[in-house]
Amino acid sequence: MPRKARMFLPDVPSHVVSRGNNRGACFYTDADYCFYLQCLSEACSEHQVSLHAYVLMTNHVHLLLTPAHEVAIPGVMQSIGRRYVQYINNTHKRTGTLWEGRYKASLVEVESYLLACYRYIELNPVRASMVAHPADYRWSSYAVNAGLKPRKQLVAHELYRRLGVDEDSHYRAYRELFSSGLEKAKLQAIQRATTFSMPLGGSDFREQIEKVLGRRLGYAGRGRPAKTK
(Lines give C-alpha, C1' and ligand atoms only; values in the text may rest on other atoms or scores of the structure.)
Protein backbone atom coordinates (compact mmCIF):
# COMPACT_ATOMS: atom_id res chain seq x y z
CA MET A 1 0.00 0.00 0.00
CA PRO A 2 1.47 3.44 -0.93
CA ARG A 3 2.44 5.69 1.94
CA LYS A 4 0.21 8.64 2.71
CA ALA A 5 1.69 11.85 1.33
CA ARG A 6 2.57 14.53 3.87
CA MET A 7 1.12 18.01 3.43
CA PHE A 8 3.24 21.15 3.62
CA LEU A 9 2.27 24.60 2.38
CA PRO A 10 4.31 27.82 2.32
CA ASP A 11 3.66 30.08 5.32
CA VAL A 12 1.30 27.57 6.98
CA PRO A 13 2.59 26.30 10.36
CA SER A 14 3.07 22.56 10.89
CA HIS A 15 3.26 20.53 14.09
CA VAL A 16 5.94 17.87 13.55
CA VAL A 17 6.54 14.84 15.78
CA SER A 18 9.45 12.36 15.65
CA ARG A 19 9.51 9.33 17.97
CA GLY A 20 12.26 6.95 18.97
CA ASN A 21 12.22 3.49 17.44
CA ASN A 22 10.21 1.07 19.62
CA ARG A 23 9.73 3.99 22.04
CA GLY A 24 13.45 3.89 22.73
CA ALA A 25 15.55 6.86 23.82
CA CYS A 26 16.68 9.50 21.32
CA PHE A 27 18.79 11.42 23.84
CA TYR A 28 21.24 10.03 26.39
CA THR A 29 23.28 12.99 27.65
CA ASP A 30 23.00 16.79 27.82
CA ALA A 31 25.44 16.96 24.90
CA ASP A 32 22.95 15.03 22.75
CA TYR A 33 20.18 17.56 23.38
CA CYS A 34 22.56 20.41 22.61
CA PHE A 35 23.74 18.84 19.36
CA TYR A 36 20.16 18.17 18.22
CA LEU A 37 19.28 21.84 18.80
CA GLN A 38 22.37 22.87 16.86
CA CYS A 39 21.35 20.62 13.95
CA LEU A 40 17.80 21.96 14.11
CA SER A 41 18.87 25.61 14.14
CA GLU A 42 21.29 25.20 11.24
CA ALA A 43 18.83 23.16 9.16
CA CYS A 44 16.03 25.71 9.68
CA SER A 45 18.35 28.50 8.57
CA GLU A 46 19.50 26.56 5.51
CA HIS A 47 16.02 25.50 4.37
CA GLN A 48 14.11 28.69 5.20
CA VAL A 49 11.99 27.38 8.05
CA SER A 50 10.87 29.42 11.06
CA LEU A 51 11.02 27.54 14.38
CA HIS A 52 8.39 28.77 16.84
CA ALA A 53 8.36 26.13 19.59
CA TYR A 54 9.95 22.80 20.47
CA VAL A 55 10.35 20.21 23.18
CA LEU A 56 12.94 17.44 23.26
CA MET A 57 11.64 14.57 25.38
CA THR A 58 13.68 11.48 26.20
CA ASN A 59 12.17 9.41 23.38
CA HIS A 60 10.43 11.89 21.10
CA VAL A 61 10.50 15.44 19.73
CA HIS A 62 7.79 18.03 18.99
CA LEU A 63 8.43 20.99 16.68
CA LEU A 64 6.24 23.90 15.56
CA LEU A 65 7.55 25.10 12.20
CA THR A 66 6.52 27.45 9.40
CA PRO A 67 8.16 26.78 6.00
CA ALA A 68 8.87 29.31 3.28
CA HIS A 69 8.24 26.67 0.59
CA GLU A 70 6.71 23.21 0.26
CA VAL A 71 9.92 21.15 0.54
CA ALA A 72 11.46 23.20 3.36
CA ILE A 73 10.33 21.05 6.31
CA PRO A 74 11.30 17.75 4.61
CA GLY A 75 14.71 19.32 4.02
CA VAL A 76 15.04 20.18 7.71
CA MET A 77 13.99 16.71 8.88
CA GLN A 78 16.29 14.95 6.41
CA SER A 79 19.22 17.10 7.48
CA ILE A 80 18.61 16.40 11.18
CA GLY A 81 18.08 12.71 10.52
CA ARG A 82 21.35 12.43 8.67
CA ARG A 83 23.53 14.46 11.03
CA TYR A 84 22.00 13.55 14.38
CA VAL A 85 21.71 9.80 13.83
CA GLN A 86 25.32 9.63 12.65
CA TYR A 87 26.39 11.59 15.75
CA ILE A 88 24.41 9.35 18.13
CA ASN A 89 25.68 6.14 16.57
CA ASN A 90 29.30 7.30 16.62
CA THR A 91 29.14 8.83 20.11
CA HIS A 92 27.30 6.01 21.84
CA LYS A 93 28.74 3.10 19.83
CA ARG A 94 25.38 1.95 18.52
CA THR A 95 24.00 0.89 15.16
CA GLY A 96 20.61 0.69 13.51
CA THR A 97 17.54 2.89 13.39
CA LEU A 98 17.08 5.69 15.90
CA TRP A 99 13.70 7.07 14.81
CA GLU A 100 10.41 5.20 14.48
CA GLY A 101 9.64 5.21 10.75
CA ARG A 102 8.36 8.46 9.27
CA TYR A 103 7.84 11.58 11.31
CA LYS A 104 4.27 12.87 11.71
CA ALA A 105 3.21 16.33 10.56
CA SER A 106 -0.06 18.26 10.63
CA LEU A 107 -0.89 21.68 9.20
CA VAL A 108 -2.17 24.08 11.87
CA GLU A 109 -4.98 26.62 11.54
CA VAL A 110 -3.41 29.74 13.03
CA GLU A 111 -6.31 31.58 14.67
CA SER A 112 -7.91 28.49 16.23
CA TYR A 113 -4.99 26.25 17.17
CA LEU A 114 -1.55 27.85 16.89
CA LEU A 115 -1.29 29.04 20.51
CA ALA A 116 -2.80 25.73 21.64
CA CYS A 117 0.05 23.97 19.82
CA TYR A 118 2.60 26.19 21.58
CA ARG A 119 1.06 25.14 24.89
CA TYR A 120 0.68 21.47 23.93
CA ILE A 121 4.34 21.25 22.96
CA GLU A 122 5.80 23.08 25.95
CA LEU A 123 3.49 21.36 28.47
CA ASN A 124 4.70 17.89 27.43
CA PRO A 125 7.13 17.54 30.37
CA VAL A 126 4.35 18.57 32.78
CA ARG A 127 1.90 16.01 31.36
CA ALA A 128 4.66 13.40 31.65
CA SER A 129 5.11 14.33 35.36
CA MET A 130 8.76 15.20 34.75
CA VAL A 131 8.41 18.76 36.10
CA ALA A 132 5.73 20.80 37.86
CA HIS A 133 5.99 23.77 35.49
CA PRO A 134 7.33 24.10 31.91
CA ALA A 135 9.90 26.65 33.07
CA ASP A 136 11.58 23.84 35.03
CA TYR A 137 12.35 21.80 31.90
CA ARG A 138 15.61 22.69 30.16
CA TRP A 139 14.97 21.22 26.73
CA SER A 140 11.97 23.18 25.51
CA SER A 141 11.29 26.61 24.05
CA TYR A 142 9.13 27.76 26.99
CA ALA A 143 11.79 29.85 28.71
CA VAL A 144 12.47 31.75 25.49
CA ASN A 145 8.82 32.26 24.53
CA ALA A 146 8.01 33.34 28.11
CA GLY A 147 10.81 35.93 28.10
CA LEU A 148 12.96 34.13 30.66
CA LYS A 149 15.87 33.53 28.25
CA PRO A 150 17.23 35.48 25.26
CA ARG A 151 15.63 34.73 21.89
CA LYS A 152 18.10 32.96 19.61
CA GLN A 153 16.98 30.47 16.98
CA LEU A 154 13.26 30.91 17.71
CA VAL A 155 11.13 33.08 15.42
CA ALA A 156 8.08 34.75 16.97
CA HIS A 157 4.94 34.02 14.96
CA GLU A 158 2.73 37.02 14.17
CA LEU A 159 -0.11 35.64 16.34
CA TYR A 160 2.31 35.25 19.25
CA ARG A 161 3.47 38.85 18.82
CA ARG A 162 -0.15 40.03 18.93
CA LEU A 163 -0.45 38.84 22.56
CA GLY A 164 0.79 42.24 23.69
CA VAL A 165 1.66 45.75 22.55
CA ASP A 166 5.34 45.31 23.45
CA GLU A 167 7.72 42.55 24.53
CA ASP A 168 6.99 42.83 28.23
CA SER A 169 3.22 42.64 27.77
CA HIS A 170 3.25 39.73 25.35
CA TYR A 171 5.67 37.80 27.58
CA ARG A 172 3.28 38.33 30.51
CA ALA A 173 0.31 37.27 28.37
CA TYR A 174 2.18 34.19 27.18
CA ARG A 175 3.04 33.12 30.73
CA GLU A 176 -0.61 33.59 31.68
CA LEU A 177 -1.61 31.05 29.02
CA PHE A 178 0.14 28.41 31.15
CA SER A 179 -1.75 29.18 34.34
CA SER A 180 -3.94 26.18 33.54
CA GLY A 181 -3.67 23.01 31.49
CA LEU A 182 -4.75 22.66 27.89
CA GLU A 183 -8.47 22.10 27.33
CA LYS A 184 -9.34 18.42 26.83
CA ALA A 185 -11.02 18.99 23.45
CA LYS A 186 -7.99 20.80 22.03
CA LEU A 187 -5.61 18.27 23.54
CA GLN A 188 -7.46 15.43 21.83
CA ALA A 189 -7.75 17.33 18.55
CA ILE A 190 -4.00 17.97 18.45
CA GLN A 191 -3.18 14.34 19.30
CA ARG A 192 -5.56 13.01 16.65
CA ALA A 193 -4.26 15.36 13.97
CA THR A 194 -0.62 14.43 14.58
CA THR A 195 -1.36 10.71 14.80
CA PHE A 196 -2.92 10.74 11.33
CA SER A 197 -0.87 13.65 9.85
CA MET A 198 -4.09 15.54 9.15
CA PRO A 199 -4.80 19.30 9.22
CA LEU A 200 -5.56 20.71 12.65
CA GLY A 201 -8.46 23.12 12.35
CA GLY A 202 -12.10 23.60 11.44
CA SER A 203 -13.97 22.43 8.37
CA ASP A 204 -13.30 25.69 6.50
CA PHE A 205 -9.56 25.28 7.05
CA ARG A 206 -9.69 21.69 5.82
CA GLU A 207 -11.63 22.74 2.73
CA GLN A 208 -9.03 25.40 1.97
CA ILE A 209 -6.26 22.82 2.23
CA GLU A 210 -8.16 20.43 -0.06
CA LYS A 211 -8.64 23.21 -2.61
CA VAL A 212 -4.93 24.09 -2.61
CA LEU A 213 -3.85 20.43 -2.79
CA GLY A 214 -6.50 19.54 -5.37
CA ARG A 215 -7.59 16.39 -3.53
CA ARG A 216 -9.87 15.23 -0.73
CA LEU A 217 -8.45 14.47 2.69
CA GLY A 218 -9.48 11.58 4.90
CA TYR A 219 -8.28 9.68 7.93
CA ALA A 220 -6.68 6.45 6.78
CA GLY A 221 -8.07 3.43 8.60
CA ARG A 222 -5.77 0.81 10.02
CA GLY A 223 -5.68 -2.74 8.65
CA ARG A 224 -6.83 -4.12 5.33
CA PRO A 225 -9.57 -2.42 3.33
CA ALA A 226 -13.03 -3.81 4.01
CA LYS A 227 -14.35 -6.33 1.50
CA THR A 228 -17.28 -5.29 -0.63
CA LYS A 229 -20.11 -7.61 -1.49
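Here is a short report on the structure shown in this document. (Residues numbered from 1 in each chain as written. Predicted model: local features only at pLDDT ≥ 70, side-chain atom pairs only at ≥ 80, totals over all residues. Heavy atoms only, no water.)

## Notes on the packing of helix H3 (residues 110–122) against helix H8 (residues 184–196)
Part 1 of the reasoning: Two elements in contact, H3 and H8, have axes separated by 10 Å at closest approach and are oriented at 85 degrees. Here H3 lies roughly perpendicular to H8, going by the angle between them. Each of Ser112, Tyr113, Ala116, Cys117 and Tyr120 in H3 lies in contact with H8, whose residues at this interface are Lys186, Leu187, Ala189, Ile190 and Gln191.
Part 2 of the reasoning: Of the residues belonging to the contact of H3 with H8, the class tally is seven nonpolar, two polar and one charged. (Axes fitted to C-alpha atoms, helices over the stretch in contact; angles between N-to-C directions. Helix = DSSP H or I, 4+ residues; strand = E, 2+ residues; numbered from the N terminus. Parallel < 35°, antiparallel > 145°, perpendicular 65-115°, else oblique. Contact = heavy atoms within 4.5 Å. Nonpolar A, V, L, I, M, F, W, Y, C, P; charged D, E, K, R; others polar.)

## Overview of the nonpolar core
For soluble globular proteins, nonpolar side chains are generally found buried alongside one another.
Part 1 of the reasoning: By size, the foremost hydrophobic cluster in this structure holds 64 residues, and its most contacted members are Tyr36, Leu40, Leu56, Leu63 and Tyr84.
Part 2 of the reasoning: With nine residues, helix H2 (residues 72–91) is the largest single contributor of residues to this core.
Part 3 of the reasoning: Counting nine residues, the second largest nonpolar core, distinct from the first, contains Met7, Val12, Met198 and Phe205. (Core = buried A, V, L, I, M, F, W, Y, C linked by side-chain atoms within 4.5 Å. Buried < 20%, exposed > 50% of the residue type's maximum accessible area, 1.4 Å probe, protein only.)

## Digging into the pattern of salt bridges
Part 1 of the reasoning: Per the counting criterion, the structure on display carries six salt bridges.
Part 2 of the reasoning: A salt bridge links Arg119 to Glu183; the nearest nitrogen and oxygen atoms lie 3.5 Å apart. Note that Arg119 is positioned in helix H3 and Glu183 in the loop between helix H7 (167–177) and H8, a separation of 64 residues in sequence.
Part 3 of the reasoning: For Glu210, the salt bridge goes to Arg206, with nearest N and O atoms at 3.8 Å. Placement of the pair is Glu210 and Arg206 together in helix H9 (residues 203–213), with a separation of four residues, close to one helical turn. (Salt bridge = Lys/Arg side-chain N within 4 Å of Asp/Glu carboxyl O.)

## Some words on the layout of surface pockets
Part 1 of the reasoning: By volume, the second largest pocket amounts to about 240 Å³.
Part 2 of the reasoning: Lining the second largest pocket are Leu37, Tyr54, Arg138, Trp139, Ser140, Val144, Lys149, Pro150, Lys152, Gln153 and Leu154. (1 Å grid on protein atoms, 1.4 Å probe; cavity = no way out; pocket = protein on both sides within 12 Å on 5 of 7 lines; lining within 4 Å. Points joined across faces, edges and corners; volume = space filled by probe spheres on them.)

## Overview of the pairing of strand S3 (residues 60–67)
Part 1 of the reasoning: By the criterion of burial, S3 is predominantly enclosed, with eight of the eight residues buried.
Part 2 of the reasoning: Judged by which residues are buried, S3 turns out to be covered on both faces: His60, His62, Leu64 and Thr66 on one side and Val61, Leu63, Leu65 and Pro67 on the other are all buried.
Part 3 of the reasoning: Direction of pairing for strand S1 (residues 14–19) relative to S3: antiparallel, over a ladder of six bridges. In the sheet register, Val16 faces S3, and the bridge partner there is Leu63.
Part 4 of the reasoning: Summarising the sheet, strand S2 (residues 49–56) and S3 pair through seven bridges and their orientation is antiparallel. (Pairing = 2+ DSSP bridges.)

## Considering the sheet that holds S3
Part 1 of the reasoning: With respect to topology, four strands assemble into an open sheet ordered S2-S3-S1-S4, the strand pairing being antiparallel. Where the open sheet ends on each side, the last strands, each with one partner, are S2 and strand S4 (104–107). The sheet shows a mean angle of 20 degrees between the axes of neighbouring strands, direction not considered.

## Brief notes about H9
Part 1 of the reasoning: Three or more residues of H9 are buried, namely Phe205, Ile209 and Glu210. Buried residues of H9, viewed axially, fall in a sector of 140 degrees; they line one side. Of the exposed residues in H9, those oriented more than 90 degrees away from the buried face are Ser203, Asp204 and Lys211.
Part 2 of the reasoning: On its buried face, H9 sits against S4.
Part 3 of the reasoning: Where H9 terminates, the next one or two residues include Gly214, which has phi positive at roughly 75 degrees. (Arc of directions from axis to C-beta.)

## Topic: the environment of Val108
Part 1 of the reasoning: Here Val108 shows up in the loop between S4 and H3.
Part 2 of the reasoning: On a C-alpha basis, the gap between Val108 and Ala193 in space is 9.2 Å, while along the polypeptide they are 85 residues apart.

## Some remarks on the side chain of His62
Part 1 of the reasoning: By the secondary structure assignment, His62 is in strand S3.
Part 2 of the reasoning: Residue classification places His62 among the buried residues on the basis of a relative accessible area of 1%.
Part 3 of the reasoning: At a separation of 3.5 Å, a polar atom in the side chain of His62 contacts the side chain of His60.
Part 4 of the reasoning: Excluding anything up to four places from it in sequence, His62 contacts His15, Val16, Val17, Ala53, Tyr54, Val55, Tyr120, Ile121 and Asn124. (Polar contact = N/O pair within 3.5 Å; in protein donor to acceptor, adjacent residues only side chain to side chain.)

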